[in-house]
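So the chains spell out like this:
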Amino acid sequence: MLQFLDVVKSYGSGSTEVRAVTDVTLSVAPGEFVAVMGPSGCGKSTLLHLAGALEQPSAGRVLVNGKDLAEMTAPQHAELRRNDVGYVFQALNLIPALTAVENVMLPLELDGMATKQARVHATEALARVGLSHHVDRYPDDFSGGQRQRIAIARAVIGDRRLLLADEPTGALDTVNGDQVVELLSDLARNRGVAVVMVTHDPRFASWADRVVFIRDGRIVDETAPVFSDSDAPSVADLAPDLAPEVVR
Ligand code: ADP
Ligand code: MG
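Residues numbered from 1 in each chain as written. Chains lettered and ligands numbered in written order. Predicted model: local features only at pLDDT ≥ 70, side-chain atom pairs only at ≥ 80, totals over all residues. Heavy atoms only, no water.

Comments concerning the overall build of the protein chain
Consideration 1: Across its full length, the protein chain holds nine helices and ten strands.
Consideration 2: Here the protein chain holds 248 residues, and the buried ones make up 48% of them.
Consideration 3: Carbon and sulfur atoms provide 50% of the accessible area of the protein chain, an area that totals close to 11500 Å². (Helix = DSSP H or I, 4+ residues; strand = E, 2+ residues; numbered from the N terminus. Buried < 20%, exposed > 50% of the residue type's maximum accessible area, 1.4 Å probe, protein only. Areas by Shrake-Rupley, 256 points an atom, 1.4 Å probe, with all protein chains shown as cover.)

With respect to the layout of surface pockets
Consideration 1: In this structure, the largest pocket spans a volume of roughly 320 Å³.
Consideration 2: Lining of the largest pocket is provided by 17 residues; of these, Arg-81, Val-85, Gly-86, Tyr-87 and Arg-160 occupy positions nearest its centre.
Consideration 3: Those elements that place two or more of their residues in the lining of the largest pocket are helix 2 (74-83), strand 6 (85-88), helix 3 (100-110) and helix 5 (144-156).
Consideration 4: Tallied by class, the residues present in the lining of the largest pocket amount to ten nonpolar, three polar and four charged.
Consideration 5: Counted as a void, the second largest pocket has a volume near 240 Å³.
Consideration 6: Along its surface, the second largest pocket is lined by 13 residues, and Ala-91, Leu-92, Asn-93, Leu-94 and Arg-147 are the ones closest to its centre. (1 Å grid on protein atoms, 1.4 Å probe; cavity = no way out; pocket = protein on both sides within 12 Å on 5 of 7 lines; lining within 4 Å. Points joined across faces, edges and corners; volume = space filled by probe spheres on them. Nonpolar A, V, L, I, M, F, W, Y, C, P; charged D, E, K, R; others polar.)

Examining helix 5
Consideration 1: With 13 residues, helix 5 ought to run about 18 Å at 1.5 Å a step, and its terminal C-alpha atoms sit 19 Å apart, in line with that.
Consideration 2: Helix 5 sits mainly inside the fold: ten of its 13 residues count as buried.
Consideration 3: Every buried residue of helix 5 is accounted for by Gly-145, Gln-148, Arg-149, Ile-150, Ala-151, Ile-152, Ala-153, Arg-154, Ala-155 and Val-156.
Consideration 4: Here the buried face of helix 5 lies against strand 6, helix 3, helix 4 (115-128), strand 7 (162-166) and helix 6 (174-191).
Consideration 5: Where helix 5 ends, the next residue or the one after it, Gly-158, has phi of about 80 degrees, a positive value. (Expected span 1.5 Å × (residues − 1). Contact = heavy atoms within 4.5 Å.)

Examining the site of ligand 1
Consideration 1: Tyr-11, Val-18, Ala-20, Pro-39, Ser-40, Gly-41, Cys-42, Gly-43, Lys-44, Ser-45 and Thr-46 make up every residue found near ligand 1.
Consideration 2: Contacts to ligand 1 include Cys-42, whose backbone N or O atom sits 3.2 Å from an oxygen atom.
Consideration 3: Here an oxygen atom of ligand 1 and a side-chain polar atom of Lys-44 are 2.8 Å apart.
Consideration 4: Contact with the protein chains covers 59% of the free accessible surface of ligand 1, which is 560 Å².
Consideration 5: At the level of elements, strand 2 (18-28) and helix 1 (44-51) are the ones that each hand at least two residues to the shell around ligand 1. (Near = heavy atom within 4 Å. Polar contact = N/O pair within 3.5 Å; in protein donor to acceptor, adjacent residues only side chain to side chain.)

Here's the deal with helix 6
Consideration 1: With 18 residues, helix 6 extends 25 Å from end C-alpha to end C-alpha; this agrees with the ideal 26 Å at 1.5 Å per step.
Consideration 2: Here helix 6 has its buried residues at Asn-176, Gly-177, Asp-178, Val-180, Val-181, Leu-183, Leu-184, Ser-185, Leu-187 and Ala-188.
Consideration 3: Where the residues of helix 6 are buried, they touch strand 3 (33-37), helix 4, helix 5, strand 7, strand 8 (194-198) and helix 7 (202-205).
Consideration 4: With a side-chain oxygen lying 3.3 Å from the backbone nitrogen of Val-175, the N-terminal cap of helix 6 falls on Asp-173.
Consideration 5: Looking one or two residues past helix 6, Gly-192 carries a phi angle of roughly 70 degrees, positive in sign.

Quick look at the packing of helix 3 against helix 4
Consideration 1: One way to put it is that helix 3 packs onto helix 4 with a least axis distance of 8 Å and a crossing angle of 120 degrees. It follows from the interaxial angle that helix 3 and helix 4 lie oblique. You can see that helix 3 and helix 4 cross each other, and the crossing is right-handed. Seen from helix 3, the contacting residues are Ala-100, Val-101, Glu-102, Val-104, Met-105, Leu-108 and Glu-109; seen from helix 4, they are Thr-115, Ala-118, Arg-119, His-121, Ala-122, Thr-123, Ala-125 and Leu-126.
Consideration 2: Its residues assigned to classes, the contact of helix 3 with helix 4 shows nine nonpolar, three polar and three charged. (Axes fitted to C-alpha atoms, helices over the stretch in contact; angles between N-to-C directions. Parallel < 35°, antiparallel > 145°, perpendicular 65-115°, else oblique. Left-handed = near helix turned anticlockwise from the far one by under 90°.)

A word on empty space enclosed by the protein
Consideration 1: With the rule as written, the count across this model stands at two cavities of 30 Å³ or more.
Consideration 2: Within this model, the largest cavity holds a volume of roughly 40 Å³.
Consideration 3: Taken together, Leu-2, Phe-4, Leu-26, Val-36, Leu-47, Leu-48, Ala-51, Leu-164 and Val-196 form the lining of the largest cavity.
Consideration 4: Looking at the lining of the largest cavity, the elements that each hand over two or more residues are strand 1 (2-11) and helix 1.
Consideration 5: If you tally residues by element for the lining of the largest cavity, the top one is helix 1, at three residues.
Consideration 6: Considered class by class, the residues forming the lining of the largest cavity number nine nonpolar, no polar and no charged.

This is the structure we're talking about:
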């Protein structure tokens, strides 16, 4: 679903050049849940921007669903972001002036679906993330965890197959964070969504099938696939010398 082949991303040039990503090769299959960990400034967000066609690589290739993003036009990138790729950030994901259900409907309406039909789909999507009640309330009326679940419903509505989540639990406590990560895991397992989640927290990373460790823009280590049941080994078990360092 997502492939990076020897990807490099630099910002600026000459003496002000910053290498955000260096020689990254990575594949994420449909239904796979990959966590990305690493210190602040190591290039995690840049990786997600490249995957979402929000930035172009300086070298190497990024493929989404087998399509090379470099071979697509700007309108095709926009279409990809509208139909194939969902994005969830740490906070401020929702439009405060729209209700929960209106927020989730938005991508469908932007894509030309009639309001009535979009509302039916959005209501179902909210039910799937555990929010069947109060869908006509505004984001401010929900807890942080509920807001993230609404954002995830919107990010995957319309059958989008790649979900990019940049520290989606960053503003949440453990209980709400667990619910959000469990939901991401469920989307991967049961709906075949390829999920890439950036996190600082090994507790949340341990839900993933695979954990990729980044430092200074490079992949420095990767865990073997694990299963996200309660007996799953923690990241600390899998990478004892790395985990304590990258997690702060
Ligand atoms: P992370 O998400 O791991 O904290 P980022 O991907 O945001 O890291 O940033 C990686 C590096 O690239 C950092 O050194 C950051 O300052 C730099 N960087 C990110 N975006 C830009 C940009 N638009 N212009 C210049 N430098 C940037
Ligand atoms: Mg970041």
